[in-house]
Structures are given as C-alpha cells and as structure tokens.
Protein chains: 2
Amino acid sequence: MKKSIGAKALIVPTPVWVVGTYDPDDKPNVMTAAWGGICCSKPPCVSIAVQKIRHTYNNLVKRNAFTVCVPSVRHAKEADYFGIASGRTADKFAASGLTPTKSDIVDAPYVEEFPLALECKLIHSHELGLHTLFIGEVLGIKADEDILGEKGLRDMSKFKPFTYNPEIRTYYAVGEYLGKAFSIGQEISQG
Amino acid sequence: MKKSIGAKALIVPTPVWVVGTYDPDDKPNVMTAAWGGICCSKPPCVSIAVQKIRHTYNNLVKRNAFTVCVPSVRHAKEADYFGIASGRTADKFAASGLTPTKSDIVDAPYVEEFPLALECKLIHSHELGLHTLFIGEVLGIKADEDILGEKGLRDMSKFKPFTYNPEIRTYYAVGEYLGKAFSIGQEISQG
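Rules used in this analysis
Residues numbered from 1 in each chain as written. Chains lettered and ligands numbered in written order. Predicted model: local features only at pLDDT ≥ 70, side-chain atom pairs only at ≥ 80, totals over all residues. Heavy atoms only, no water. Salt bridge = Lys/Arg side-chain N within 4 Å of Asp/Glu carboxyl O. Helix = DSSP H or I, 4+ residues; strand = E, 2+ residues; numbered from the N terminus. Buried < 20%, exposed > 50% of the residue type's maximum accessible area, 1.4 Å probe, protein only. Contact = heavy atoms within 4.5 Å. Buried area = accessible area lost by both parts, 1.4 Å probe. Polar contact = N/O pair within 3.5 Å; in protein donor to acceptor, adjacent residues only side chain to side chain. Nonpolar A, V, L, I, M, F, W, Y, C, P; charged D, E, K, R; others polar. Pairing = 2+ DSSP bridges. Least-squares fit on C-alpha atoms with pLDDT ≥ 70 in both. Phe/Tyr/Trp six-rings, centres within 6.5 Å; stacked < 30°, edge-to-face > 60°.

Draft legend 1. Highlighting the pattern of salt bridges. Residues and elements named next belong to chain A. In total, this model carries 18 salt bridges over all chains according to the counting rule given. The shortest N-O distance in the salt bridge between Arg 63 and Asp 107 comes to 2.9 Å. Placement of the pair is Arg 63 in helix H1 (residues 55–63) and Asp 107 in the loop between strand E8 (100–102) and strand E9 (109–111), with a sequence separation of 44 residues. Residue Arg 63 is classed as buried on the basis of its relative accessible area, which comes to 19%. The structure contains a network of salt bridges with shared partners spanning Asp 26, Arg 63, Lys 102 and Asp 107.

Draft legend 2. Region of the structure containing the interface of chain A and chain B. With 101 residues of chain A at the contact, the number on the chain B side is 101 residues. Both faces considered, chain A and chain B share a buried interface measuring about 8,700 Å² in area, 67% of it formed by carbon and sulfur atoms. With its nearest N and O atoms 3.2 Å apart, the salt bridge here joins Lys 77 of chain A to Glu 187 of chain B. Applying the counting rule to chain A against chain B returns 46 residue pairs in polar contact (both at pLDDT 80 or more). Broken down by element, the residue count for the side of chain A that touches chain B peaks at eleven residues, all from strand E15 (residues 170–180) of chain A. Classifying every residue of the side of chain A that touches chain B gives 58 nonpolar, 23 polar and 20 charged. Relative to strand E1 (residues 3–4) of chain B, strand E11 (residues 131–143) of chain A runs antiparallel, the two being bridged by two bridges.

Draft legend 3. The arrangement of helix H1 (residues 55–63) of chain B in detail. All names here are of chain B. Of all the positions in H1, only His 55, Thr 56, Tyr 57, Asn 59, Leu 60 and Arg 63 are classed as buried. Looking at the packing, one finds that the buried side of H1 touches strand E3 (17–22), strand E4 (28–33), strand E6 (45–51), strand E7 (65–70), strand E10 (116–127) and strand E11 (131–143). Looking one or two residues past H1, Asn 64 carries a phi angle of roughly 55 degrees, positive in sign.

Draft legend 4. Region of interest: the relation of the copies chain A and chain B. Note on the identical chains: chain A maps onto chain B by a rotation of 180 degrees and an axial translation of 0.0 Å, with an RMSD of 0.0 Å. Look at the turn and shift together and you get a two-fold axis relating the two.

Draft legend 5. Representation of the side chain of Glu 119 of chain B in the model. Residue and element names in this part refer to chain B. Take Glu 119: it is sitting in strand E10. What makes Glu 119 buried here is its relative accessible area of 0%. At 2.8 Å, the side chain of Glu 119 forms a polar contact with the side chain of Ser 103. Within polar-contact distance, the side chain of Glu 119 engages the side chain of Lys 142 at 2.8 Å.

Draft legend 6. How the structure looks around the pairing of strand E5 (residues 36–40) of chain B. Residue and element names in this part refer to chain B. The buried fraction of E5 amounts to five of the five residues, a majority that puts the element mostly inside the structure. Both E5 and E6 contribute to a ladder of four bridges, which runs antiparallel. Bridging across to E6, Ile 38 finds its partner in Val 46. The turn linking E5 back onto E6 is made up of four residues.

Draft legend 7. Spotlight on the sheet that holds strand E2 (residues 14–15) of chain A. Pairing in this open sheet of six strands is antiparallel, and the strands run E2(A)-E14(A)-E15(A)-E15(B)-E14(B)-E2(B) from one edge to the other. The open sheet is flanked by E2 of chain A together with strand E2 (14–15) of chain B, the only strands paired with a single partner. In this sheet, strand E15 (residues 170–180) of chain B lies alongside strand E14 (residues 162–165) of chain B in antiparallel orientation, the contact comprising four bridges. By the bridge assignment for E15 of chain B, Asn 165 of chain B is matched with Thr 170 of chain B.

Draft legend 8. Region of interest: the packing of aromatic side chains. According to the stated counting rule, one finds 16 aromatic pairs over all chains in the structure shown. Relative to Tyr 171 of chain B, the ring of Phe 162 of chain B has its centre 5.5 Å away and its plane inclined at 90 degrees; by these criteria the two rings are edge-to-face. Just as Phe 162 of chain B is buried, Tyr 171 of chain B falls in that class too. Members of the aromatic cluster, each reached through a chain of ring pairs, are Tyr 81, Phe 82, Phe 93 and Phe 114 of chain A.

Draft legend 9. Region of the structure containing the pairing of strand E6 (residues 45–51) of chain A. All names here are of chain A. Among the seven residues in E6, seven count as buried, and that is most of the element. The side-chain alternation of E6 yields two buried faces, one formed by Cys 45, Ser 47, Ala 49 and Gln 51 and the other by Val 46, Ile 48 and Val 50. As paired elements, E6 and E11 share seven bridges and run antiparallel to each other. Looking at the pairing, Ile 48 lines up with Phe 134 of E11.

Draft legend 10. Highlighting unusual backbone geometry. All names here are of chain A. Cis geometry marks the peptide bond from Val 12 to Pro 13; its omega dihedral reads -15 degrees. Mapping Pro 13 onto the fold places it in the loop between strand E1 (3–4) and E2. The linkage connecting Lys 42 with the following residue, Pro 43, adopts the cis geometry, with an omega of -5 degrees. Mapping Pro 43 onto the fold places it in the loop between strand E5 (36–40) and E6.

In structure tokens form, the structure reads like this:
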C-alpha cells in the first residue's frame, strides 16, 4: 500500500548536466540542469528545461545552440556552483577556473575539463509553465580519450557521472555495476 | 583535447524508469524507458520518448494517461525484461510476477512493488523522428512509506534507483553520497 504524496516534480535519478551557451556579447556561460533527457534516437535529440529568468534562457533563444556537458564526480563542486551563480553577474568560467572551448560544430561552448559534451542545435522550444522545454538535435559529441574504448564509450570506471535527487537536494555518484541491459531480464522472457 | 565521436543519442546518466499504461482492452502494460526527464516544475511535468512501433505508443495515444514508475536495484531483472518483451504478445505483469495497481488519479496502472510512481495525464506529444516525445503533467505521486521521511523523500539508502548507459548498454546503481546541492559549490561563489 502506497502513500499519496501530492503532485510535484519529484523523480529519481535525474542527471547532473551542464548547459553551455554564449550570451549576445559572446561571453560563454554555463548552467547546471537536472531537468533533461534524451528524447529521440534518430535524429539524436536531447531536451533541457530552463526557466525564463535564467541567463541561459536568453542565450538559447538568441543563439539557437547549446552544449550539454557531463561532469564527473571530481567536478561536483564546480557543477554545483554553476547552478548557484548567474551568468548575468558572474563569469562562472573565471570563478571556477574551468575552460570554455568553442564547439567547432555549433555556436556554443563546452567545458573542456568535463569528459563528455553534446553539441546541439536548438530545433524546438515548448513553454510549459515555470520551465520552457528546449529540444536540441545532437550534431556532434566531444569526448575525452580516456572514457573511450575500441567501440566508443567504455565502462564507467574512468567516467563517474553523478545524479541529483530533487526535494532532498543531494548528489549521488553513479556506482555499482548491475549487469547488461537487454540481457539480465532474458530469463523472464524464457519463462 | 577531445575526440569527436559523431552525432548520436549518447549521454550519461540516463534513468531506468518504467512507463505504465492500459491498452484499449484494459490490459495493463509496462515499458522500460531511459529516454525521459523532468521538464517543468510548475506544473510538474515529465517527458518520455516512445517509438511508434511500441505497444505503449498506442496506449498513450488512446488512453491519454501514463505512470512513470521507478524500480530499485532489486528489480533490475524485471525492469530489463519490461524493455525486452512486447505487451502485444506478452503479459509482462504475469510473466514477471509483479502487480499492476490502478491509479486512483489517472487512467493508468503502476507497479506496486516499485517504490515510486508518478501519475501523469498526457498533455502534449511531439513527433521528433524515430521517437515521439510525450509530456505528462504529474497529477499525483505514490510512494512506499519506507522511502519517505518527515518531509517527503528521504535519503537514498532505502531506495536504490539505477541508471542506464546507452551504447555500452549497462546498468549501474545510484551509489556514493557526494554532498548537498546548492551548497557544495558555495565556496566558489564566495571566491
């Protein structure tokens, strides 16, 4: 028997991602986003939800491009800071000591020190209420060599991304390996 | 220096969630979804991406309601199975031994044994390509008592959700506690 806890934006796990944009003066900015997800495989698309009051909102609308950068646990402090400060009043790259690199594919910067960055062209936006959902087509991905194997992304031992828990507002690392997808459930199929 | 690895639907972490729907004959069905995310705080909304060929796609279009259920690691095998079998040919609840409970708020079932379920009314759908993005307004949430504290969701020690890694197709548990959000980055703000 479950308890009804009302209607709220509460689910786990949510990702800790960092959205990179340029502002109209070409200043690179970053904003932490846990409201987002992959939304299509072909063409590859990713969505992020952004409030109108954010500096990133204006940048998205004006530049029509963004990156989604994935920090590892060693940059949890910087990623958290990117969600606290505003690009209107702070230079978040300068304050954190991290490096903005201009994408060679889209008009947006990514964080050089984070292992993975998706380079996205804004293709749709959808006002939902407090947040607007921005959908980007992934035109390219930049990755650190040490998270890659022969055939692309390898196991997560070198790349420890992390998750955010709404409501209790805490971060947890991606941890223990559980098994292969489309595999561990096969025994149920086979009855 | 990063390596360009092309355009694909590749990001980490993605969640392992299970979408509950009724089909036109009132048979409860479940489908595993890693393509999804929160997309608005007020009204609370969540999105999931579903391929047209899925049984869930038709159910969503016809019933205009769904649940997003969050399994813990102890049901990783069942959650994986829900992504392997099709509700057209299998009764996934019967095969897995898990229990469909009808939501008292929306026209959709949730998985009784999973700790958390969001009860959603379909408010938008957006065709993107291989996947259609379905946006649901969260009208209620059901949660197991043992994952709740005084003020709602408590720490993750009793509730071990897990994540999916595209491309390498593996599951990893949510693990080590890293710190409080809007807090661990404060020292950078204070320079």
